[in-house]
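Examining the three-dimensional arrangement
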Amino acid sequence: MRIQTGHGTIPLITLIGIWSISALNALPGLAVSPILGKLSAIFPHSTELDIQMLSSLPSLLIIPFILLAGKLTERVNFIRLLQAGLAIFALSGVLYLLSGQMWQLIAVSALLGVGSGLIVPLSTGLISKYFVGSYRVKQFGLSSAITNITLVVATAVTGYLAEVNWHLPFVVYLLPIISLVLSVYLQRSMASEGSTSLTNDKAPADKEEDVDTGNSKYGIHIRHLAGIMGVYGLATFLVLVVSFNLPFLMEEYHFTSGNSGIMISLFFLAIMTPGFFLNRIVGTLKEKTKFYSFLSIGIGLALIWISPKEWVIAPGCILVGLGYGIIQPMLYDKTTQTALPQKTTLALAFVMMMNYLAILLYPFIGDFLQWVFHTQSQEFPFIFNLLITVGTFFWAYRCRDTFLFNDQLK
């Protein structure tokens, strides 16, 4: 079976290989979450700093290695770089299972961040190299959906495995072995197809038609890229309030952790859903796509804030997730229009970095804002993010015809 790309076809096994890499983007830090509450008992001599490093070190190291991977794609064979990242990722999974001391887990977490950082921009980079136009938009949507499906399923699985043995959640970090095997088929299919080389060769002319670099000597439209990075970082910051703050808000409302877990699962499932229908959504909303997406986030945050009832909070979480689930892949697609083909993965690396940067900075920004406004209210983060969202969707409507916000399919 062969898959249409917009300027030809590729084997299904090639696309499955790309999808498998997208699935890995959700994994860093996932296996640690179910055992965070047990670590003090498992390692009685560990400090709070040790536990914080174990959970945050992968994200911290992912950021520079995302940028390094993006830059290396200009000089290093794409598939070899991918295989190196997958091998490091899988090795960290093996070492996690063998580690029995806190310092070992921390060291392996650093290795995990390196491996993950190297592969994060390559899944979207592969999509941008193989697909064009509406086919590319569809694949970015599916890639985002697969990432979030993996997140939901793997969260449930690691939670169950943690009840059996604290080592077992780290088994999910062995999944890159599957992608490593598929990368061999990816390499073979590329060679047999005689398709565009994934080093720094020129892409077909039809892939350059919608690229505007602003005559930049770097081959990337810096101003457009900075705008995309800003919107992606802002959108990510706005929706992180659900995963970071909702459990505390629901605890204040006297709900159990199981209730908040269900709400957060609905949030991630909602992020996943638009990816399956992205072309149809964008074809309908056109230049108002991001306006309606931010409006959805705003209404969702308002629903979560205004009522301490599950039947109101649940649709709020869904609306926040739906809005973000549209914005994320559309910003990836916009990024491909800002850079020459040989620079596209580097541009995508800068954009994808904003996701991890927002996750890393969110707790510090939240604490700072609560200090500035002299409040410890669990409702404050939702009110603050709602106000920012209101300003953002008015901005998106006013600038709906600009490059940054106009998402009409070509």
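Residues numbered from 1 in each chain as written. Predicted model: local features only at pLDDT ≥ 70, side-chain atom pairs only at ≥ 80, totals over all residues. Heavy atoms only, no water.

1. Considering the layout of surface pockets
Convention followed: Whether a set of points on the 1 Å grid over the protein atoms alone is a cavity depends on a 1.4 Å probe fitting there but being unable to get out, while an open set qualifies as a pocket with protein on both sides within 12 Å along at least five of seven lines; lining residues are those with an atom within 4 Å of a point. Grid points are joined across faces, edges and corners, and a volume is the space filled by probe spheres set on the points. Numbered from the N terminus, helices here are DSSP runs of H or I no shorter than four residues, and strands are runs of E no shorter than two.
Volume-wise, the second largest pocket comes out at about 350 Å³. Elements represented by at least two residues in the lining of the second largest pocket include exactly helix H8 (222–252), helix H13 (344–372) and helix H14 (380–398).

2. Section: the environment of Ser92
Rules: Between two residues, a contact is recorded if the distance between any of their heavy atoms is within 4.5 Å.
Tracing the sequence through the fold places Ser92 in helix H4 (residues 78–98). Note: C-alpha distance between Ser92 and Leu111 (19 residues apart in sequence) is 6.1 Å. Excluding its chain neighbours within four sequence positions, the residues that come into contact with Ser92 are Val108, Leu111 and Leu112.

3. Comments concerning the pattern of salt bridges
Worth spelling out the cut-off: Think of a salt bridge as a Lys or Arg side-chain nitrogen and an Asp or Glu carboxyl oxygen that are within 4 Å of each other. Throughout, exposure labels follow a simple rule: accessible area from a 1.4 Å probe, protein chains only, divided by the maximum for the residue type, with under 20% read as buried, over 50% as exposed, and the rest as partly exposed.
Following the criterion strictly, the structure yields 4 salt bridges and no others. Two residues, Asp333 and Arg136, come together in a salt bridge whose shortest N-O distance is 2.8 Å. Separated by 197 residues along the polypeptide, Asp333 in helix H12 (residues 310–336) and Arg136 in helix H6 (residues 133–164) bring together distant segments of the chain. The same class applies to Asp333 and to Arg136, which are both buried. The partner of Lys290 in a salt bridge is Asp407, and the shortest N-O contact between them spans 2.7 Å. Taken together, the residues span a long stretch of sequence, with Lys290 in helix H11 (residues 289–306) and Asp407 in the segment after H14 at a distance of 117 residues.

4. Let's talk about H13
The cut-off we apply is this: Here a helix's expected span is defined as the number of its residues, less one, multiplied by 1.5 Å. Values of bend correspond, residue by residue, to the angle between axes fitted over the seven residues ending at that residue and the seven starting there.
With 29 residues, H13 should reach 42 Å at 1.5 Å per residue; the first-to-last C-alpha distance of 40 Å fits that figure. Along its length, H13 reaches its greatest deviation from straightness, about 45 degrees, at Leu361, and the proline Pro363 lies no more than four positions downstream. His374 lies just past H13 and shows a positive phi near 50 degrees.

Limitation: the analysis is restricted to geometry and does not speak to function.
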